[in-house]
Amino acid sequence: MASRTSTLKFFSLIICSLAIAEMAMAGDPDILSDFIAPPNGTVDGNFFTYTGMRVIFEEGYPKNFTVLKATSAEFPALNGQSVSYAVLEFPSGTTNPPHTHPRSAELLFLVGGSLEVGFVDTKNNLFTQTLQVGDLFVFPKGLVHFQYNADSENPAIAISAFGSASAGTVSIPSTLFATNIDDNVLALSFKTDVATIQKLKAGLAPKP
């Protein structure tokens, strides 16, 4: 727990620098006011404060890969501000499956452990890297990318910044195999048989 807490001390140190970087990368429409106030609510310091990340400091590492988000959905004060964050916690041997963010690039900062990361561009070139504590890696907007903690003993934790208050996430496995796309379409696309596709869909089906 002590080591986990020490790695998270970086969190407060990088907020300002990442915010500046993300403003330069921002892709949301400009607003014509300082901020977007809630239609039927009081605007005070509480409106601009998000406490959902406190759980990181209060609990141990999760057993499964976990993402804690601070987007406009969780933190309405981000509406119109073109910035959001996510904390990614990777127990040993876990992955953040291939996915995309259609509305923003992602700037990942590794604050604990190590990660194998990569993305594929529109020419099907794969770019990979092994990150160590203190490294940053950018995933260009809209491209398929992943992160993997290959360490069999130690967890990893990273902080991601986005140039959008709602970057969006499209999970490739879930999009393909958990949205009722016709089995024959998938079998033909992946040059396999329907039985294999059905097994993949079963593996991604919600557990009862």
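Residues numbered from 1 in each chain as written. Predicted model: local features only at pLDDT ≥ 70, side-chain atom pairs only at ≥ 80, totals over all residues. Heavy atoms only, no water.

A. Inspection of the nonpolar core at higher detail. Core analysis: the biggest nonpolar cluster contains 17 residues, and M53, I56 and V87 have the highest contact counts within it. Elements supplying a minimum of two residues to this core: β1 (66–70), β2 (84–90), β4 (106–112) and β9 (156–162). Top element by residues in this core is β9. It accounts for three residues. Residues contacting M53, with those up to four places away along its chain left out, are L68, K69, A70 and V87. (Core = buried A, V, L, I, M, F, W, Y, C linked by side-chain atoms within 4.5 Å. Buried < 20%, exposed > 50% of the residue type's maximum accessible area, 1.4 Å probe, protein only. Helix = DSSP H or I, 4+ residues; strand = E, 2+ residues; numbered from the N terminus. Contact = heavy atoms within 4.5 Å.)

B. Summary view of the pairing of β2. Where burial is concerned, most of β2 is hidden: seven out of the seven residues are buried. Side chains S84, A86, L88 and F90 of β2 all project onto a buried face; the interleaved residues Y85, V87 and E89 project onto the opposite face, where all are buried too. Across five bridges, the pairing between β1 and β2 is antiparallel. Across the sheet, the residue bridging to A70 is Y85, located in β2. Summarising the sheet, β2 and β9 pair through seven bridges and their orientation is antiparallel. Paired with Y85 across the two strands is A161, which belongs to β9. (Pairing = 2+ DSSP bridges.)

C. Region of the structure containing the sheet that holds β2. Strands sit in the order β1-β2-β9-β4-β7 across an open sheet of five strands; the sheet is antiparallel. The two strands at the open ends of the sheet, each matched to only one other strand, are β1 and β7 (136–139). For this sheet, the mean inter-axis angle between neighbouring strands, taken without regard to orientation, is 20°. Sheet analysis places β4 next to β7, joined by four bridges and oriented antiparallel. Across the sheet, residue L107 finds its bridge partner in β7, namely V138. (Axes fitted to C-alpha atoms, helices over the stretch in contact; angles between N-to-C directions.)

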